[in-house]
Amino acid sequence: FLLADTGIREETICCEEDHYADLEQTTAGWISGWPAQTRVVLDNAKVLTSPKTLQLTQENEYEATLSINLGSTPLRGSVWAYPELSPESADAQVVFTPPMAVLYDNETTATINVRVQGVEDYTSSATLVFLTTLQSCDAAFTLSPPEPLFIEVVIPQSQTTVIVEDDGVDTFIVVLLVVGAF
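Residues numbered from 1 in each chain as written. Predicted model: local features only at pLDDT ≥ 70, side-chain atom pairs only at ≥ 80, totals over all residues. Heavy atoms only, no water.

## Remarks on the overall build of the protein chain
Defined as follows: Helical segments are the DSSP runs of H or I of at least four residues, strand segments are the runs of E of at least two, and each set is numbered from the N terminus. Relative accessibility under 20% of the residue-type maximum defines a buried residue, over 50% an exposed one, and the middle range a partly exposed one, all with a 1.4 Å probe and only protein chains included. Contact definition: two residues touch when any of their heavy atoms are within 4.5 Å. Under the convention used here, a 1.4 Å probe and the Shrake-Rupley method define accessible areas, while residue burial counts only the protein chains that appear.
Across its full length, the protein chain holds two helices and eleven strands. Within the protein chain, the fraction of its 182 residues that count as buried is 31%. Restricting the contact set of the protein chain to residue pairs at least 6 apart, pairs at least 24 apart contribute 61%. A total of about 11,300 Å² of accessible surface is found on the protein chain, and carbon and sulfur atoms cover 52% of it.

So this is what it looks like as structure tokens:
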């Protein structure tokens, strides 16, 4: 067993209850090999997502794909990744299909389809933020959550020309249509 400070500076220790073998948090849990914090740094034990920004436009029908994979293979079990909108973007209607990915090794890549609904309600382009919530049997993968990702919803601007007749004089009015963010 290791002491609670594991021989490193105290500010680098993560002090959650499940990292210890006793309720008083004085004895570290069973560790075989590198501790979880070390595996995050040296073994890249984290969830990797790409691309960091999804651009959704009328051309791609406001739909794109997100790739999720692991930087290393978990020592036990699997890693569940749930993409979801951040609280700041919660008003948007975004569908993730499938709603989660389960990964068992670093050789597999899960693909999640991302689609924005209700685009007709947008009055301008918008950037939405989404996060990936993780669950894992291997604590190393939950110590370093993936960075926030962005969905850029690009609303096209189109020009139309309207002819209005007034006393026999043609007047051209250019109307700029802007469809966009909520």
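Having seen the structure, we can now continue with the description.
## Regarding unusual backbone geometry
For the peptide bond that leads from S50 to P51, omega is -5 degrees, which places it in the cis range. The topology assignment puts P51 in the loop between β1 (47–50) and β2 (53–56). Note that the residue after T97, namely P98, is joined by a cis bond; omega there is -10 degrees. Inspection of the secondary structure puts P98 in the loop between β5 (93–97) and β6 (101–103). You will see that N44, though not glycine, has its phi angle at about 60 degrees, which is positive.

## Overview of the packing of aromatic side chains
For clarity, the threshold we go by: Stacked, tilted and edge-to-face pairs are distinguished by plane angle, under 30 degrees for stacked and over 60 for edge-to-face with tilted covering the rest, among Phe, Tyr and Trp rings (Trp via its six-membered ring) whose centres lie within 6.5 Å.
The final tally for this structure, using the stated rule, is one aromatic pair. Note on F96 and F130: the rings are 5.4 Å apart at their centroids and 50 degrees apart in plane angle, and the pair reads as tilted. Highlighted residues: F96 in strand β5 and F130 in strand β8 (residues 126–136), separated in sequence by 34 residues. What makes F96 buried here is its relative accessible area of 10%. What makes F130 buried here is its relative accessible area of 0%.

## Thoughts on the pairing of β8
For the record, the criterion: Paired strands, as defined in this entry, are two strands with at least two bridges between them according to DSSP.
Across seven bridges, strand β4 (residues 79–85) lies against β8 in antiparallel orientation. Residue pairing in the sheet places A81 in a bridge with L134 of β8.

## Regarding the pattern of salt bridges
Basically, it comes down to this: Should a side-chain nitrogen of Lys or Arg be within 4 Å of a carboxyl oxygen of Asp or Glu, the pair is scored as a salt bridge.
Across all of its chains, the model carries two salt bridges by this definition. Across the pair R39 and D138 runs a salt bridge, and its minimum N-O distance is 2.5 Å. Note that R39 is positioned in helix α1 (residues 36–42) and D138 in the loop between β8 and α2 (140–143), a separation of 99 residues in sequence. Between E63 and R115 there is a salt bridge, with its nearest N and O atoms 3.9 Å apart. Note that E63 is positioned in strand β3 (residues 63–70) and R115 in strand β7 (residues 109–117), a separation of 52 residues in sequence. Overall, the relative accessible area of 31% leaves E63 in the partly exposed class.

## A word on the sheet that holds β7
Selection criterion: Angles shown run from 0 to 180 degrees and are taken between the N-to-C directions of axes, each axis being a line fitted to C-alpha atoms and, for helices, limited to the stretch in contact.
Taken in spatial order, the four strands of this open sheet run β1-β3-β7-β5, and their pairing is antiparallel. Each edge of the open sheet is held by one strand with a lone partner, namely β1 and β5. Strand-to-strand twist in this sheet, taken as the mean axis angle between neighbours without regard to direction, amounts to 25 degrees. The pairing of β5 with β7 spans five bridges and is classified as antiparallel. Bridging across to β7, F96 finds its partner in V114.

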